[in-house]
Amino acid sequence: MIKAKKSVNNAMWIIGCKIVQSLLNVLVTMLTARYFGPAKYGVINYAASIVAFMLPFMNLGFTSTLVQEFVDYPEKEGQTLGTALVMNVISSFVCMLGVVLFASIVNKGETLTITVCALYSINLLFQALEMSQFWFQAKLLSKYTSLTMLLSYIIVALYRIYLLITQKSIYWFAISQALDYMIISLVLLVLYNKLGGEKLSFSLGRGRELFAKSRYYIISSLMITIFAQTDKIMLKMMIGDQATGYYSAAVVCAGLTGFIFSAIIDSAKPVVLEAKKIGKMQYENSLKMLYAIVIYFAMAQSVAITLFSNIIIQILYGADYVKSINILRLIVWYTTFSYLGSVRTIWILAEGKHEVLWGVNLSGAMMNVFLNYLLIPQWGTMGAAMASLVTQIFTNVIMGYILPSLRENNKLMLESLNPSIMLKGIKSILLSR
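About the criteria used
The written sequence of each chain sets the order in which its residues are numbered from 1. Residues qualify for local features only when their pLDDT is at least 70, as the model is predicted, and side-chain atom pairs are given and counted only at 80 or more; totals for whole chains, interfaces and linings, by contrast, use all residues. The basis for every side-chain value is the complete set of non-hydrogen atoms in the structure, without hydrogens or water. Secondary structure follows DSSP: runs of H or I at least 4 residues long count as helices, runs of E at least 2 residues long count as strands, and numbering of each begins at the N terminus. For the radius of gyration, the atom set is restricted to C-alpha positions; the globular benchmark scales as 2.2 Å times the number of residues to the power 0.38. The classification of residues rests on relative accessible area computed with a 1.4 Å probe and restricted to protein chains. Under 20% of the type maximum is buried, over 50% is exposed, and intermediate values are partly exposed. Axis lines are fitted through C-alpha atoms, for helices just across the contact stretch, and the angle between N-to-C directions can take any value from 0 to 180 degrees. Each angle is binned into one of four classes, with values under 35 degrees roughly parallel, values over 145 roughly antiparallel, values of 65 to 115 roughly perpendicular, and all other values oblique. By definition, turning the near helix anticlockwise from the far helix through less than a right angle yields a left-handed crossing, and turning it clockwise yields a right-handed one. Any two residues whose heavy atoms approach within 4.5 Å are treated as being in contact. Amino acid classes used here: Ala, Val, Leu, Ile, Met, Phe, Trp, Tyr, Cys and Pro are nonpolar; Asp, Glu, Lys and Arg are charged; the rest, including Gly, are polar. Salt-bridge detection follows one rule: a side-chain nitrogen of Lys or Arg within 4 Å of a carboxyl oxygen of Asp or Glu. Take the buried residues of types Ala, Val, Leu, Ile, Met, Phe, Trp, Tyr and Cys, join any two whose side-chain atoms come within 4.5 Å, and each joined set is a nonpolar core. Note on aromatic pairs: the rings of Phe, Tyr and Trp (six-membered ring only in Trp) are paired at centre separations within 6.5 Å, and the planes decide the class, stacked below 30 degrees, edge-to-face beyond 60, tilted for the rest. For patch building, the residue pool is restricted to those with more than 30% relative accessible area and no salt bridge; the joining distance is 9 Å between like charges and 5 Å between nonpolar side chains (Val, Leu, Ile, Met, Phe, Trp, Tyr). Surface exposure here means Shrake-Rupley accessible area, sampled with a 1.4 Å probe, where a residue is shielded only by the protein chains that are shown. The arc in question is traced by the directions running from the helix axis to the C-beta atoms.

Draft legend 1. Just the overall build of the protein chain, in detail. Assigned secondary structure in the protein chain consists of 18 helices and 0 strands. Taking 2.2 N^0.38 as the reference for a compact globule, 433 residues should give roughly 22 Å; the C-alpha atoms of the protein chain span a radius of gyration of 21 Å, in line with that estimate. The C-alpha extent of the protein chain, read off along each of the three principal axes, is 55 × 45 × 40 Å. The buried share among the 433 residues of the protein chain stands at 56%.

Take a look at the structure:
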């Protein structure tokens, strides 16, 4: 009960701060999109997609495994975090170079696009230093990370509004992303020391241990990134910047409430991992309640956004983005199925079935690229949206029946569709308050 209460409080801190952050994000995104128009807005999102491709390599899979490492080996937390930070900083420089090389080759002669990509890639370095957030997550101390991220976002949001008022170029906006992560990473490291975190140290042996487990998640994360970002890149290459801008606007709107699901899933992860140690029944019940809450809440938000897509686009982006309305009505359903994959990752981590991720996500990535190649020439942006939806359904539901090792998870997911489990989960949350 104490652990559950801490988990709920942890999630409430995340959600509360994210609500304020989301409102600021809506304001800044709305002003930025209107200021630049679909074409330049598309360039910024294209740069973000390329950088996103490098994140799995920069993270080295640690984003999926560090929480479990802190939970299972608390006596090694200083060595674990210190080693992860050093390895990620080294990989960040390599990835920054990779972004510039990719843009220079694929977008040869497009000085604006190449420069924006290079400036945007700087945030990889500071994201590498942000690994300390997983220590706070494992300790159920997300109020510190939430407040830090909120403070950082307020500062950066005000800075971006200043850039808009003074009519700065797109280059200033590209580099502002790095400022956000810089503030977060530095403050979290200070708080880590203030809250009694062990002295950071580097160990090559510990690095090998961490990488032995996390390496499975590099390809897995890359495959997820492929079917999350390929659509934007292929739209730019096959149609143009404006199409990328329309599509990106729809994706942003579809993910407006995504922080709620991230908070719920991230806060539940250490609880589920602890339940695994206690017993099978408690472990499976905790997973089913998590699935139930995520599924029913995701379906509710998808219905709402579908019904009010016209109003959402008109208010946030204006008349220049009316082509995003139909895209939003379709793309929002892909987010519902993507959350299932996030919950399944917790199950895979708890069961130690890391190797299965490679095949699942490789299949999804190949399908996404194929569907985009097939559907974009026929249906344009709607083809990209359909490709994303089909890919998520295939990867997070159908593959669970194809692969025997995932069928137990699918069984839990199906059982969670029972409304009584969702109600039980909500009741448990309320009683934990």
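This is not the end of the story, as more comes after the structure.
Draft legend 2. A look at unusual backbone geometry. The backbone of L60 sits at a positive phi, close to 55 degrees, despite the residue not being glycine. Structurally, L60 is set in the loop between α1 (2-59) and α2 (62-72).

Draft legend 3. Summary view of the packing of helix α11 (residues 258-278) against helix α12 (residues 280-307). Close contact between α11 and α12 brings their axes to 8 Å; oriented N to C, the two are set at 165 degrees. One element, α11, and the other, α12, form an angle in the roughly antiparallel class. In this structure, α11 meets α12 at a crossing whose hand is left-handed. In contact with F261, I264, I265, A268, V272, A275, K276 and I278 of α11, α12 contributes Q282, Y283, S286, L287, L290, I293, V294, F297, A298 and Q301. The class makeup of the residues in the contact of α11 with α12 is 14 nonpolar, 3 polar and 1 charged.

Draft legend 4. Spotlight on the pattern of salt bridges. Counting across every chain of the model gives 10 salt bridges. The partner of R206 in a salt bridge is E69, and the shortest N-O contact between them spans 2.7 Å. A residue pair is termed long-range when its members are at least 10 positions apart, and R206 in helix α9 (residues 204-238) and E69 in helix α2 qualify at 137 residues. Across the pair E284 and K280 runs a salt bridge whose closest N-O atoms are separated by 4.0 Å. Here K280 and E284 lie together in helix α12, a separation of 4 residues that amounts to about one turn. Using a relative accessible area of 17% as the deciding quantity, one classes E284 as buried. One continuous salt-bridge network, built from bridges that share partners, spans E69, R206, E209 and K213.

Draft legend 5. Up close: the nonpolar core. By size, the foremost hydrophobic cluster in this structure holds 55 residues, and its most contacted members are F62 and L290. If sequence neighbours within four positions are ignored, L290 has contacts with I264, I265, A268, V343 and I346. One finds Y181, L222, I226 and A365 within the second-largest nonpolar core, a separate group that totals 36 residues.

Draft legend 6. Examining the packing of aromatic side chains more closely. Counted according to the given criterion, the structure contains 11 aromatic pairs. Between Y35 and F36, the aromatic rings sit 4.9 Å apart at their centres with planes inclined by 65 degrees, giving edge-to-face as the arrangement. What makes Y35 partly exposed here is its relative accessible area of 33%. Relative to Y321, the ring of Y246 lies with its centre 6.1 Å away and its plane at 85 degrees, an arrangement referred to as edge-to-face. Here Y321 lies in the loop between α13 (309-316) and α14 (324-351) and Y246 lies in helix α10 (residues 241-254), a separation of 75 residues in the sequence.

Draft legend 7. Examining the environment of S152 more closely. As for its position among the elements, S152 is in helix α7 (residues 142-165). You can call S152 buried: its relative accessible area is 0%. Sequence-wise, S152 and V187 are 35 residues apart; in three dimensions their C-alpha atoms are separated by 9.3 Å. Ignoring anything within four residues of it in the chain, the contact list for S152 reads D180, I183 and I184.

Draft legend 8. Representation of the environment of S22. As for its position among the elements, S22 is in helix α1. Looking at S22, the relative accessible area reads 15%, which means it is buried. Measuring from C-alpha to C-alpha, the distance between S22 and L189 comes to 24 Å, with 167 residues separating the pair along the chain. Aside from chain neighbours lying at most four places away, what touches S22 is L256 and F259.

Draft legend 9. Just a nonpolar patch on the surface, in detail. On the surface, L97, L101, F102, I105, V106, M237, M238, I239 and Y373 cluster together to form a nonpolar patch covering roughly 910 Å² of accessible area. Counting residues per element, the ones that place at least two in the nonpolar patch are α3 (77-106) and α9. The greatest single-element share of the nonpolar patch, amounting to 5 residues, is contributed by α3. Looking at where F102 falls in the secondary structure, it is placed in helix α3.

Draft legend 10. Summary view of the side chain of S49. Within the secondary structure layout, S49 lies in helix α1. Classification of S49 as buried rests on a relative accessible area of 0%. Leave out the neighbours within four places in its chain, and S49 touches Q229, K232 and I233.

Draft legend 11. Structural view of helix α4 (residues 111-120). Inspection of α4 places T113, I114, V116, C117 and Y120 among the buried residues, and these make up the whole buried set. One side of α4 carries all its buried residues, which in axial view fall inside an arc of 165 degrees.

Draft legend 12. The arrangement of the side chain of S91 in detail. The topology assignment puts S91 in helix α3. With residues near it in sequence (within four places) discarded, S91 still touches F57, M58 and L60.

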